[in-house]
Amino acid sequence: MKRHILLGLLLSAVTATAETAPAAVTFEEGAVAQSLTGVAGDPAEGAKVMSNRALGNCVACHTVSAMPDVAFQGNVGPSLDGAAERWEEAQLRGIVSDAKMTFDGSVMPSFYKTGPYIRPGDAFTGKAPEGELPPMLTAQQIEDVVAYLLTLKE
Amino acid sequence: MKIKTLAGTCAAAALAFAGLSAWAGPVDDTLVINEEIEIVTHTTSAPDYIDGLSEQYSGWHFREDDTRDMQRDDFDNPGMLGVEAAMEDWNTEDGAEGKSCASCHEAPESMAGVRTQMPKFSETKGTMMTLEMYINECRTERMGAEAWGWDDAAMVNMTALISSVSRGMPVNVAVDGPAAPFWELGKEMYYTRYGQLELSCANCHEQNYGNFIRADHLSQGQVNGFPVYRLKDAKLSSIHNRFKGCIRDTRAETFKPGSPEFIALETYVASRGNGLSVEGPSVRN
């Protein structure tokens, strides 16, 4: 029990230091070469982030055939099937972090960014946030999603 | 290098992907209410001051068969219960002057055509007025009664009654003259990418109508059908209430029903529907 808490503290301390902050991410032609955390992404976690409405909710706009149990996948964006064959890891990291760096003016939200926004709200409450807004996904969640996308081969 | 052409290619790929949620554009169907009132729910030419639309569709075209059918007959349209409730209020005296709506306006049919022009610039008030504001002006200044809240059931029901007698008449909102500055502000809002998701009205309702965002089949976000009876909420809902929800869904701090911002936005959005028929109260999911 105690050990778990300690481990958790240790882990968050480690990631806090190794993590690249949203404003410090360097994009090269839309791509982000370096891992945001230095910790390998977990594709299973990534899949959860992609289908959870409060997290990535990527399936709101994209279909992924490899997730047949996720109902109501949208089609505002292209199907993500075979994404790993169209894009390198660094490009996928760039797209998931801030898609507008790859696709000019894209409707795809920027998941690893803290602003500036026009009238940002506190999640889906419709109210102004209390303090500073964190990015929509954490650095590790971005890595997890990238790891999952890398499994999408046709 | 920014990839602009890819978007087109990807969209085509998405169309070709007839998988989990097949793309479905607007349903090809026509609406006649009570076998009598013909509703223009589709036009093949949008007004020329609307940059991003070549055709207009009422939200009716994007709903399921059974939802669309509910609008074909007033007995099946749950929004008509609100109209009935408002008929009571229409004839009931209220306020210090001891007057009802009927005291000045006789039957509700006298309101035919009113909804087509809303919002409208009021010369006496020197401002843009929505139907809700005209209703409250009568209540407070002519009846000596309390103003209704924007989303009070009595208010939404009364807007349903007044809309219902204009059904089938073309929306015809003024965009020039004194309306112009309100219209301009509304247009600017329509293309502003609000919230943490950075999505504008146009991103969803102009660029992506016909597509699905999760389970939602995106319409053009027209307001000709308001107030709409939303099956999900089991009640009638005002235009501003819908705007509030859409902006909230972009993870934004939204605006209040009745705010100057929403009055301007309503002016612009209503004008995007000029030429469609008034359809409210309509039924949506």
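Quick caveat: nothing in here was measured; it's all calculated off a predicted structure. Within any chain, residue numbers begin from 1 and follow the written order of that chain's sequence. Chains carry letters from A onward and ligands carry numbers from 1 onward, assigned in written order. The predicted nature of this model means local features are confined to residues of pLDDT at least 70 and side-chain atom pairs, given and counted, to a pLDDT of 80 or more, with totals for whole chains, interfaces and linings taken over all residues. Only hydrogens and water are set aside when side-chain values are computed; all heavy atoms of the structure are taken into account.

Side note on the environment of arginine 272 of chain B
All names here are of chain B.
- Secondary-structure assignment places arginine 272 in the loop between α10 (260-271) and β11 (282-284).
- As a C-alpha pair, arginine 272 and glycine 52 span 220 residues in sequence and 9.8 Å in three-dimensional space.
- Any two residues having at least one pair of non-hydrogen atoms within 4.5 Å are treated as being in contact. Residues in contact with arginine 272, not counting those within four places in the same chain, are Ile50, Leu53, Gln56, Tyr190, Tyr191, Glu206 and Gln222.
- Definition of a polar contact: a pair of N or O atoms within 3.5 Å, with one able to donate and the other able to accept a hydrogen when the atoms are protein atoms, and with sequence-neighbouring residues admitted only if both atoms are side-chain atoms. At a separation of 3.5 Å, a polar atom in the side chain of arginine 272 contacts the side chain of tyrosine 191. Numbering of helices and strands starts at the N terminus; helices are DSSP runs of H or I of at least 4 residues and strands are runs of E of at least 2.

Notes on the sheet that holds strand β10 (residues 235-237) of chain B
Residue and element names in this part refer to chain B.
- The strand order β10-β9-β11 describes an open sheet built from 3 strands, whose pairing is mixed. Each of the sheet's edge strands pairs with one partner strand only, and the pair in question is β10 and β11. Pairwise comparison of adjacent strand axes, ignoring direction, gives a mean angle of 40 degrees for this sheet.
- Paired strands, as defined in this entry, are two strands with at least two bridges between them according to DSSP. Relative to β11, strand β9 (residues 228-230) runs parallel, the two sharing 3 bridges. Bridging from a neighbouring strand, arginine 230 pairs with arginine 284 of β11. Only the contacting stretch of a helix is used when fitting its axis, a line to C-alpha atoms as for every element, and angles between N-to-C directions run 0 to 180 degrees.

Looking at helix α4 (residues 89-97) of chain A
- When a residue's accessible area, from a 1.4 Å probe over protein chains only, is under 20% of the maximum for its type it is buried; when over 50% it is exposed; and in between it is partly exposed. For α4 of chain A, every residue scored as buried is listed here: Leu92, Arg93, Gly94, Ile95, Val96 and Ser97 of chain A.
- Those residues of α4 of chain A hidden inside the fold are in contact with α5 (139-149) of chain A.

Focus on the confidence of the model for chain B
Residues and elements named next belong to chain B.
- Summary statistics for chain B give a mean pLDDT of 93 and a share of 92% for residues scoring 70 or more.
- Values of pLDDT, which run from 0 to 100, indicate the predictor's confidence residue by residue. Under a pLDDT of 50 for its full length, residues 1-22 has, in the predicted model, 31 contacts with residues more than four places off or in other chains.
- Reported for the predicted complex are a pTM of 0.92 and an ipTM of 0.91.

Things to note about the packing of helix α5 (residues 131-142) of chain B against helix α6 (residues 153-164) of chain B
Residue and element names in this part refer to chain B.
- Contact geometry for α5 and α6: axes closest at 10 Å, N-to-C directions at 105 degrees. Classified by the angle between their axes, α5 and α6 sit roughly perpendicular to one another. Here α5 contributes Leu131, Glu132, Ile135 and Asn136 to the contact with α6, which in turn contributes Met155, Met158, Thr159, Ile162 and Ser163.
- Here the residues of the contact of α5 with α6 sort into 5 nonpolar, 3 polar and 1 charged. Roughly parallel here means an angle under 35 degrees, roughly antiparallel means over 145, roughly perpendicular means 65 to 115, and every remaining angle is called oblique. Throughout this entry, Asp, Glu, Lys and Arg are counted as charged residues, while Ala, Val, Leu, Ile, Met, Phe, Trp, Tyr, Cys and Pro are counted as nonpolar. The remaining residues, Gly among them, count as polar.

Here we look at the nonpolar core
- Definition of nonpolar core: a set of buried residues of the types Ala, Val, Leu, Ile, Met, Phe, Trp, Tyr and Cys, connected through side-chain atoms within 4.5 Å. Among the nonpolar cores identified, the biggest contains 38 residues, and Leu36, Met50, Val64, Met67, Ile142, Tyr148 and Leu149 of chain A are the most heavily contacted of them.
- Among the elements of the structure, α2 (43-51), α4 and α5 of chain A are those that each provide at least two residues to this core.
- The element that contributes the greatest number of residues to this core is α5 of chain A, accounting for 6 residues.
- Ranked by size, the runner-up nonpolar core spans 26 residues in total, among them Trp183, Met189, Cys201 and Val223 of chain B.

Remarks on the packing of aromatic side chains
- Think of it this way: a Phe, Tyr or Trp ring, Trp meaning its six-membered ring, pairs with another when their centres are within 6.5 Å, and the plane angle makes it stacked under 30 degrees, edge-to-face over 60, tilted otherwise. Using the criterion set out here, one finds 12 aromatic pairs over all chains in the structure.
- Summarising the aromatic geometry, the rings of tyrosine 49 of chain B and tryptophan 183 of chain B are spaced 5.9 Å apart at their centres and angled 80 degrees between planes, so their arrangement reads as edge-to-face. With tyrosine 49 of chain B in the loop between β3 (42-43) and β4 (56-57) and tryptophan 183 of chain B in helix α7 (residues 180-190), this residue pair connects regions lying 134 residues apart in the sequence.
- Given a relative accessible area of 6%, tryptophan 183 of chain B falls into the buried group.
- A ring pair is formed by tyrosine 190 of chain B and tyrosine 191 of chain B, whose centres lie 5.4 Å apart and whose planes are at 70 degrees; its orientation type is edge-to-face.
- Each residue in the set Tyr49, Trp183, Tyr190, Tyr191 and Tyr268 of chain B is aromatic and connected to the rest through ring pairs, giving one cluster.
- We count a charge as sitting over a ring when the NZ of a lysine or the CZ of an arginine lies within 6 Å of the ring centre and within 35 degrees of the ring normal. A cation over an aromatic ring shows up here: arginine 119 of chain A above the ring of phenylalanine 255 of chain B, its NZ or CZ 3.8 Å from the ring centre.
- Sitting over the face of the ring of tryptophan 148 of chain B, arginine 139 of chain B holds its NZ or CZ atom 4.0 Å from the ring centroid.

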